[in-house]
Amino acid sequence: MQAFEYASPRSLQEAIRLLPAQWGPTDVLAGGTDLVSAMKDGISTPQRLVNIKQIAELHRMTFSPRAGLHIGATVTLRELLDDGAVQQHYPGLIQAAEAARSEQLLNMGTVGGELLQRPRCWYYRNGYGLLALRDGKSLVPEGENQYHAILGNAGPAYFVSPSFLAPILIALGATVQLHGPRGARSLPVQKLFVTPTRVGQREHDLAPNEILTEIRVPYRPGVRTAVYEIREKEALDWPLAMAAVALRQEGGVLRDPRVVLGQVAPVPWPSPEAERTLTGKKPSEDLADAAGRAAVAQATPLSKNGYKVQLARIAVKRAILSAVQQGG
Amino acid sequence: MKIRVKINGVTREDDVEPRLLLVHYLRELAGLTGTHIGCETSICGACTVLMNGAAVKSCTVLAVQADGSEITTIEGLSGRNGQLHPLQQGFWEEHGLQCGYCTPGMILAAHQLLSRNPHPSRAEIRKALEGNLCRCTGYQHIVKAVEWAAEKVRAQAEHA
Amino acid sequence: MASCKYDWPAAGQRDAIGKSTDRIDGPAKVSGRAKYTYDINRPGMLFGKMLTCPHAHAKIKSIDVSPALKHPGVKAALVIQDVGSEIQWAGDEIAAVAAVDEATAEDAVRLIRVEYDVLPHLVREENLSKDGDRAKPAGEQKVGDPDKAFADPEAVISEGFYGIPVITHCCLETHGNVVEWRGADSILTHSSTQNVSGIPSQLGAALRAKKINVQDSNIETICQYIGGGFGSKFSIDRWGVVAAELSKQAGGKPVKLMLDRDEDLEVAGARPSYFGHVKVAASKDGTLTAWSSETWGTGGPGPSGVPPVPYILTNIPNIYKKHTSVSTNIGPARAWRAPNHPQACLMTLAALDDLAAKLAMDAMEFLQKNIHLAPSYLVNTYQQELSKAAELSEWSKYWHPRGDKTPGHLKRGLGVSLHTWGGRGHAGSCNVIVRPDGSVTVQSGTQDLGTGTRTVIAVVAASTFGLPVDAIQVEIGDSRYPFDGASGGSTTVGAASAWTRRGSVDALNELFAAVAPSLGVQANQLEARDGRIQVQGNPSKSLSWKDACAKLGAKTIHTVGKNPGPCNLGSVGVGGVQVADVTVDTETGKVKINRLVAVQDCGLIIDKLTAESQVYGGLIMGVCYSLFEEKVMDQTIGRMLNANMEFYKLAGIGDIGGELIVHMMTGPGYDERGVIGLGEPPVISPGAAISNAVANAIGVRVSQLPLTPRRVLAALAKGGIA
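Residues numbered from 1 in each chain as written. Chains lettered and ligands numbered in written order. Predicted model: local features only at pLDDT ≥ 70, side-chain atom pairs only at ≥ 80, totals over all residues.

S.K.: Would you mind showing me how to read the overall build of chain B here?
M.R.: In terms of regular secondary structure, chain B is built from 5 helices and 5 strands. Computed over C-alpha atoms, the radius of gyration of chain B comes to 15 Å, within 12% of the 15 Å expected from 2.2 N^0.38 for 160 residues, which places it in the range of a compact globule. Across its three principal directions, the C-alpha atoms of chain B cover 45 × 35 × 25 Å. In chain B, of all internal contacts separated by at least 6 residues, the share reaching a separation of at least 24 is 60%. (Helix = DSSP H or I, 4+ residues; strand = E, 2+ residues; numbered from the N terminus. Rg over C-alpha atoms; globule rule 2.2 N^0.38 Å. Contact = placed C-beta atoms within 7 Å.)

Printed below as a string of structure tokens:
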């Protein structure tokens, strides 16, 4: 790991002042579970780390039916899981955070860091950049793309968005608060994620001198949620596909369904096709299956990841069935 | 950077480079080599220690992140007279180890489990140890070792 | 009664032998006191790091380590492979530095400048037609008249393609050493090695070849504890020699040079791949008549190894086989637990399972029917083990013809496999020392890989002396002790039990001679039992062990136990049978292990607990390579993409959700063969057993390991019951 200087400011303003206007020289450190690994591998080579764990206001979590759930960026996944209000009102969020498990990771990893973790694409992690370029050409289409994107993969980005929390947060209509030198802004979680189209562009709509401070999740009583993920190993493994679902049942039919896929595209992938399939229909296994098929109808698999189309379809189907079977 | 860390009940202060990892701090500065280095990227769990009672993988924690915290390593589990902790006894009695390289991390992950849940089911034991890989024991005896320890702790509590 | 003086005691008189003894290295390991090589911190120690080659095939055009040497904190730097060297795999060692701490060493390595001429490479071999002149014939053999047998119109013929990729060893402790010079002509190494006694001569020869003069006798190697080896840690390796050179350059200061995880996965251990087309024939009643296989594999730049097919059923009357070795730039192969056997086992037992399915025969019955084609000394063992495995797995209850017809997407299936291994004790020796105060020490330059060597030595010595196990002090893991062979090929338990027994019997006889006069009998009338030396059958005429040893006066008994030696204490050739019980989710292609049953013979068991532990450990390694492990190489960049433990996947505790059932064959028919090694056998069968179980569940063969969702779904897309 290359040497760097370390700052541990106590206020948000101080932290923002320490961040330069370009990527590279400075990184924000929270739990460090992803960043420190990336630094060891030479993927991130900051000259300065700004630790935001000492900033008290980033470590708050509040809930009220009116304001919903506000999660400070440095709240750990373990703290999220142990929170009574989250357990009571946001079971889908609990499922998603559980899926990110190992116990050790839950203890160190933060909610903000989970959203902003970098992709696991093995070309990226081996130093070929987010776009996996060699001599100006992506290594992915003809390479080992078994874990790469099946949607939104027209190029040049083929990696998959790794966040476990993003799909359910999007399904729940959550927003993130970002603070920079010119103040705060708010974004729907979906908008936090972007598909880079050129070298040097990041996969998040986040300026180098901005800090993600809080996630706000509306309270929507009566909404049923579920997350389903499929991976090779039972744990400590990245899903090959995951789906998050939020919906209501009214008079025996489904209302306002949200279906968001994870791990299948460079960004979390909402599926209006699946949502249309579900809206106003009576839930059934066949309907869930039809929604799964609709969700992957536009998939464009690469040479070695066709199987992920099937997995994404099944993840959507099972998440819907699981949501429907829940009370609430 | 100056840091102050209480390791196994003893406070120490050191001036460290920000890039020093907690695992190296423990092994090289504090001389506590029972915390092992395995995968180096927070997968295998051989480097697991307790930070303020919570299991963390010290290979991806900077020593400066541990500033002000209390750390427990495998060396801190035994009593002053060298009396083994019930988990340590359990891993021995139930053959929860072969080469032993993963063992300290396994024990500390199990320690967190028992401190949160003194009567875990087999499924809960397996879930708590998902962050720790073993290459040669087969896990079955590791589950039995944790069960043994939970039973022992319970018996000790009833006795006391 | 024993007819040869070192013979194992008869059943009923074996004391701790064969019982369950807690491993004596347990307390050190659970308390963190056990020092692995990685844990050795010596005064003034420097940290070594290497620069490795980023190209799979290249020639070094220029190299300059001087910027590294000038970096503050750097105490030594050297070129490992100089200008003109042809590099055959990415990750190969080019240059090295030693510095005051690890971070400084890393900084310095980044300052080394190397230019390469990049050459063409091949890193993927599964498609033989694309391997070109990298493919070299590696043996062709014909027995009987296979063409005629396959042409028989009565024959039932099954054809299939099967494959198993290159995997790595992935020891939890990476390879490496701490090396220091003690004066100008003496070296101490702490080495993570399976070969304590062998390291000094390897290092000595390597250094003398570099004109660094040191005698083997002045090199000491220590390895008290090791975090896995599995066949990959027999050698001092280039990085060990480099550590010695760096240390010399730094005035003898200790240099710790452990491989990083990515280096370890790229270069420090790989098992050759094995792919092949197999055709097998049987008569309508299921009797095997012919085998034909065309196979290939890669072991990196060197030869691939030639797995012995047809496996086990070697006496099939008509055989044709041809093997091709593909030279690739993936890094060198190393012996991987039971070299060549897991590959041969999968190729054979999967092909036979497919044939049994074609014959509409129960796979277990099919093996019973053809087991006479196994080497004769194993036939009886296999018959018994197949029956036992059928019983323990409830085969008749859960097995069904190919394709679980239960509605829904969860399909359950059973598969069976069998395996064999040699496991004769290697050549080696020990000191047995009995002191006048009654203390007993056994010393040997052997090693304990976690397999229980220490415990085995203590159990054998204790049982021979009639003492409790904890009365024996075991000192191993230091090359200054008597020579012992490398721990590979399941040879350690056979050796350690035999040399301990011989040395202990000799020591006991010396003690008897010293004690006999005071008990008024001849030495040959004495026995050691329950902590006493007594007249045979007459406990009233006895001395406590302590009092007996006091009769030695100023004398200490010191005997040397050797293997091989007189009396048959061990033999060779074990059999094992395994059954896998799996559930496959046909919608996701995920394979879940419900149960694994392992029935294993290993002759006379010394410690039941460590023996069973070995089988459990073998099973989990088997699950790892059956479901997850693969060294994934990218042909464009020539590098391993998953040189980390995130994507080089090992089974976690949740992946062995079900039950592992281990049954050791013991008693008459087994014990009298003496001790036979057990490290390799249980890791051989899981690949075939699990693959067969999946085929039984879903009705179609998944041709290649590991059985990932990708491969299972691809197989299902071609057929099966889903």
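After presenting the structure, the write-up continues.
S.K.: Before we go on, may I ask you to explain the overall build of chain A in this structure?
M.R.: For chain A, the count of helices and strands is 13 helices and 14 strands. Against the 2.2 N^0.38 benchmark of 20 Å for 328 residues, chain A shows a C-alpha radius of gyration of 19 Å, consistent with a compact globule. Considering chain A as a whole, with its 328 residues, one finds that 57% of them fall into the buried category. When contacts within chain A are restricted to residue pairs at least 6 apart in sequence, long-range pairs at least 24 apart make up 65% of them. (Buried ≥ 20, exposed ≤ 12 C-beta atoms within 10 Å, placed from the backbone.)

S.K.: Would you mind showing me how to read the interface of chain B and chain A here?
M.R.: Much of the literature gives interface size as the accessible area that the parts lose upon coming together. Across the contact, 24 residues belong to chain B and 20 residues belong to chain A. Elements with a contribution of two residues or more to the side of chain B that touches chain A: strand S4 (54–57) and helix H3 (103–116) of chain B. Here the side of chain B that touches chain A gets 4 residues from one element, more than from any other, and that element is S4(B). The residue makeup of the side of chain B that touches chain A, split by class, is 11 nonpolar, 8 polar and 5 charged. (Nonpolar A, V, L, I, M, F, W, Y, C, P; charged D, E, K, R; others polar.)

S.K.: Can you help me understand the interface of chain C and chain B in this one?
M.R.: Of the residues lining the interface, 44 residues belong to chain C; the matching set on chain B comes to 45 residues. Elements with a minimum of two residues in the side of chain C that touches chain B: helix H1 (26–31), helix H3 (102–109) and helix H15 (608–627) of chain C. If one sorts the elements of the side of chain C that touches chain B by residue count, H15(C) sits on top with 6 residues. The residue inventory of the side of chain C that touches chain B, partitioned by class, reads 21 nonpolar, 13 polar and 10 charged.

S.K.: Teacher, can you tell me more about the domain arrangement of chain B here?
M.R.: Residue and element names in this part refer to chain B. What the domain assignment reports for chain B is domain 1 (2–76) and domain 2 (86–159). With centres defined by C-alpha atoms, the gap from domain 1 to domain 2 works out at 21 Å. Secondary structure elements with two or more residues in the side of domain 1 that touches domain 2: strand S3 (48–51) and S4. Split into classes, the residues belonging to the side of domain 1 that touches domain 2 amount to 9 nonpolar, 7 polar and no charged. (Domains from an automatic or database assignment.)

S.K.: Got a minute to help me understand unusual backbone geometry in this structure?
M.R.: Outside of glycine, negative phi angles account for most residues, and trans bonds account for most peptide bonds. Residues C:Asn563 and C:Pro564 are joined by a peptide bond in cis, for which omega reads -5°. Position of C:Pro564 relative to the elements: it lies in the loop between strand S25 (557–563) and strand S26 (574–585). Residue C:Leu705 is joined to C:Pro706 through a cis peptide bond whose omega torsion reads -10°. We note that A:Gln263 has phi near 70°; this positive angle belongs to a residue other than glycine.

S.K.: Whenever I open this one, the packing of H3(B) against helix H5 (residues 140–159) of chain B confuses me. Can you help?
M.R.: To characterise two packed helices, one gives the angle between the axes of the helices and the distance between these axes. All names here are of chain B. At a closest axis distance of 11 Å, the pairing of H3 and H5 adopts a crossing angle of 45°. With respect to H5, the element H3 is oriented oblique. The interaxial crossing formed by H3 with H5 has right-handed handedness. Facing H3, whose interface residues are Met106, Ala110 and Leu114, H5 presents Ile142, Val146, Ala149, Ala150 and Val153. In terms of residue class, the contact of H3 with H5 is made up of 8 nonpolar, no polar and no charged. (Axes fitted to C-alpha atoms, helices over the stretch in contact; angles between N-to-C directions. Parallel < 35°, antiparallel > 145°, perpendicular 65-115°, else oblique. Left-handed = near helix turned anticlockwise from the far one by under 90°.)

S.K.: What am I meant to see in the packing of helix H13 (residues 307–325) of chain A against helix H17 (residues 709–718) of chain C here?
M.R.: Between H13(A) and H17(C), whose axes approach to 9 Å, the crossing angle comes to 95°. As the angle between them shows, H13(A) and H17(C) are arranged roughly perpendicular. Within the contact between the two elements, H13(A) uses A:Tyr307, A:Gln310 and A:Leu311 and H17(C) uses C:Pro709, C:Arg710, C:Leu713 and C:Ala714. Its residues placed into classes, the contact of H13(A) with H17(C) shows 5 nonpolar, 1 polar and 1 charged.

S.K.: What should I look at first to understand the confidence of the model for chain B in this one?
M.R.: Regions with low pLDDT carry predicted coordinates that are not meant to be interpreted in detail. Mean pLDDT for chain B: 95, with 100% of residues reaching 70 or above. Both scores are given for the predicted complex: the pTM is 0.98, the ipTM 0.98. (pLDDT = per-residue confidence, 0-100.)

S.K.: What exactly am I supposed to notice about the sheet that holds strand S4 (residues 61–64) of chain A here?
M.R.: Note: strands within a sheet are paired through backbone hydrogen bonds, in either parallel or antiparallel orientation. Residue and element names in this part refer to chain A. Overall, antiparallel pairing links the 5 strands, which are arranged S4-S5-S10-S8-S9 in an open sheet. Lying at the two open borders of the sheet, with one neighbouring strand each, are S4 and strand S9 (183–188). With direction set aside, neighbouring strand axes in the sheet form an average angle of 20°. Across 5 bridges, the pairing between strand S8 (residues 175–180) and strand S10 (residues 211–217) is antiparallel. From the neighbouring strand, Val176 faces S10, where its bridge partner is Ile215. (Pairing = 2+ DSSP bridges.)

S.K.: Can you help me understand helix H5 (residues 199–209) of chain C in this one?
M.R.: Since one α-helical turn is 3.6 residues long, residues separated by three or four positions face the same way. Residues and elements named next belong to chain C. If you check which residues of H5 are buried, you get Ile199, Pro200, Gln202, Leu203, Gly204 and Leu207. As for H5, its buried residues are in contact with strand S11 (187–191), strand S12 (219–222) and helix H6 (237–249). Remark: Lys211 follows H5 within two positions and exhibits a positive phi of approximately 65°.

S.K.: Honestly, the pairing of strand S2 (residues 10–15) of chain B in this entry has me stumped. Any pointers?
M.R.: Walk down a regular strand and you will see the side chains alternate between the two sheet faces. Residue and element names in this part refer to chain B. With 0 of 6 residues buried, S2 lies mostly on the surface of the structure. Both strand S1 (residues 2–7) and S2 contribute to a ladder of 6 bridges, which runs antiparallel. Bridge pairing in S2 links Ile3 to Asp14.

S.K.: Please explain the pairing of strand S24 (residues 538–544) of chain C as it appears in this structure.
M.R.: All names here are of chain C. Sheet topology places strand S23 (residues 532–535) next to S24; 4 bridges connect them, and they run antiparallel. Paired with Gln534 across the bridge in S24 is Ser542. Connecting S23 to the next strand, S24, in antiparallel fashion are 2 residues, including Gly537 with a positive phi near 75°.

S.K.: Mind showing me how you'd approach helix H12 (residues 453–465) of chain C here?
M.R.: Over its 13 residues, H12(C) runs 18 Å from end to end, which matches the ideal 18 Å to within 8%, given 1.5 Å per residue. Of the residues flanking the end of H12(C), it is C:Gly466, one or two places downstream, whose phi is positive at about 65°. (Expected span 1.5 Å × (residues − 1).)

S.K.: I would appreciate a short explanation of the environment of B:Lys144 in the present structure.
M.R.: Residues and elements named next belong to chain B. Along the polypeptide, Lys144 turns up in helix H5. Expressed as a C-alpha distance, the spacing of Lys144 and Tyr101, which sit 43 residues apart in the sequence, is 18 Å. When residues no more than four places from it in sequence are discounted, the contact partners of Lys144 are Glu94 and Gly96.

S.K.: Help me understand the sheet that holds S12(C), please; the structure alone is not making it clear to me.
M.R.: Residues and elements named next belong to chain C. Judged by pairing direction, the sheet is mixed, and its 7 strands sit side by side in the order S3-S5-S1-S13-S10-S11-S12 without closing on themselves. In the strand order of this sheet, the two ends are held by strand S3 (74–79) and S12, each with one partner. Mean inter-strand twist for the sheet, computed between neighbouring axes without regard to direction, equals 20°. Inspection of the sheet shows strand S10 (residues 176–181) paired to strand S13 (residues 255–258) by 4 bridges, in the antiparallel sense. Looking across to S13, one finds that Val179 is bridged to Val255. Its contacts with the sheet place H6 against strand S1 (46–52), S3, strand S5 (93–99), S10, S11 and S13, and it is angled at close to 30° to S10.

S.K.: Just to check I follow, could you spell out the environment of C:Asn318 for this structure?
M.R.: Relative to the assigned elements, C:Asn318 resides in strand S17 (residues 318–326). Placed 42 residues apart in sequence, C:Asn318 and C:Gly276 show a C-alpha to C-alpha distance of 18 Å.

S.K.: I'm lost on the environment of C:Gln473 in this one. Help?
M.R.: All names here are of chain C. Checked against the element boundaries, Gln473 lands in strand S21 (residues 472–475). Owing to 14 C-beta atoms within 10 Å, Gln473 belongs among the partly exposed residues under this scheme. C-alpha separation for the pair Gln473 and Gly428, spaced 45 residues apart in sequence, amounts to 19 Å. When neighbours within four sequence positions are excluded, Gln473 is seen to be in contact with Ser439, Val440 and Thr441.

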